[in-house]
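Report on the structure
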Amino acid sequence: MSETIYDKFKVGLEAVNGSCLSIEKKDLADTILQLFKGLDVRDACLVDSDLMKELGVCEYLRENGIEIYTDHIRLHAEKAIGGISEVDHGIAELGSVSQESDDVDNRIVATMPEYYIGVIKESNIFDTYDDMFDYWSSLDPIPNYVGLITGPSRTADIECVSTVGVHGPLKVTIIVLKDL
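The notes below deal with the structure included here. (Residues numbered from 1 in each chain as written. Predicted model: local features only at pLDDT ≥ 70, side-chain atom pairs only at ≥ 80, totals over all residues. Heavy atoms only, no water.)

1. Some remarks on a negative patch on the surface
We count it as follows: Without a salt bridge and with relative accessible area above 30%, a residue can belong to a patch; like charges are then joined within 9 Å and nonpolar side chains (Val, Leu, Ile, Met, Phe, Trp, Tyr) within 5 Å. Computed with the Shrake-Rupley method and a 1.4 Å probe, the accessible areas treat only the protein chains shown as cover for residues. Each reported salt bridge corresponds to a side-chain nitrogen of Lys or Arg within 4 Å of a carboxyl oxygen of Asp or Glu. Charged residues are defined here as Lys and Arg on the positive side and Asp and Glu on the negative side; His and the ends of the chain fall outside this count. Where a charge lies is defined by one atom per residue type: Lys uses NZ, Arg uses CZ, Asp uses CG and Glu uses CD. Helix numbers and strand numbers start at the N terminus; a helix is a DSSP run of H or I with at least 4 residues, a strand a run of E with at least 2.
On the surface, Glu93, Asp130, Asp131 and Asp134 cluster together into a patch of negative charge. Relative to the elements of secondary structure, Glu93 occurs in the loop between strand E5 (89–91) and strand E6 (96–99).

Okay, structure coming up:
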């Protein structure tokens, strides 16, 4: 049995205490709703990308009782429990996703809330970090900002006592959309 890029990505993400789902595009809004209901998330900031608009994610979540903020994210992100955004690329071997945008809302949504959901198309996952770096190097111009997200926030003090969620989310789920 051969390992798919999704399988490799999932192993990498779960190794750092993140979680991962592979779903059909049409199921995105309901999958997010079910994840939020399972964690009692009642409000979230959402970067309403073209994909999110196409799939009606914002409206669906609102219709089902989740308060969604798409404007003035900086004002709401500190108190909102959830954050949702589309990410640009993934690195399977690390279980990491990348943001390649100067848009501050994308960064805030991924770092401020307790629970973050990133959405990525499976075809945008590179196998290795070297592959991802080769891609970045080929861009003209190279993005001003590139951020990598690898699981929940984790830090340790000098005595190696590990703490989760100090500088970012307590939980990270990446939803991989089957698009091949």
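2. Regarding the sheet that holds strand E7 (residues 115–121)
Using the following cut-off: We call two strands paired when DSSP finds no fewer than two bridges between them. Axis definition: a line fitted to C-alpha atoms, over the contacting stretch in the case of helices. Angles run 0 to 180 degrees between N-to-C directions. Only heavy atoms matter for contacts: two residues are in contact if any of them lie within 4.5 Å across the pair.
Taken together, six strands build an open sheet; the order of strands is E1-E12-E7-E4-E2-E3 and the sheet is parallel. Of all strands in the sheet, those bounded by a partner on one side alone are strand E1 (19–24) and strand E3 (67–69). Averaged over neighbouring strand pairs, the angle between their axes works out to 25° when direction is ignored. Note that strand E4 (residues 82–86) and E7 share five bridges and pair parallel. Residue pairing in the sheet places Gly82 in a bridge with Tyr115 of E7. On the sheet, helix H6 (residues 104–111) packs against strand E2 (43–46), E4 and E7 and is oriented at approximately 135° with respect to E4.

3. Thoughts on a nonpolar patch on the surface
The cut-off we apply is this: Accessibility here uses a 1.4 Å probe with only protein chains present; expressed as a share of the type maximum, an area under 20% marks a residue as buried, one over 50% as exposed, and anything in between as partly exposed.
Taken together, Leu94, Tyr129, Phe133 and Leu148 make up a surface patch of nonpolar side chains, about 340 Å² in accessible area. The residue Phe133 is located in helix H7 (residues 129–138) in this model. Using a relative accessible area of 43% as the deciding quantity, one classes Phe133 as partly exposed.

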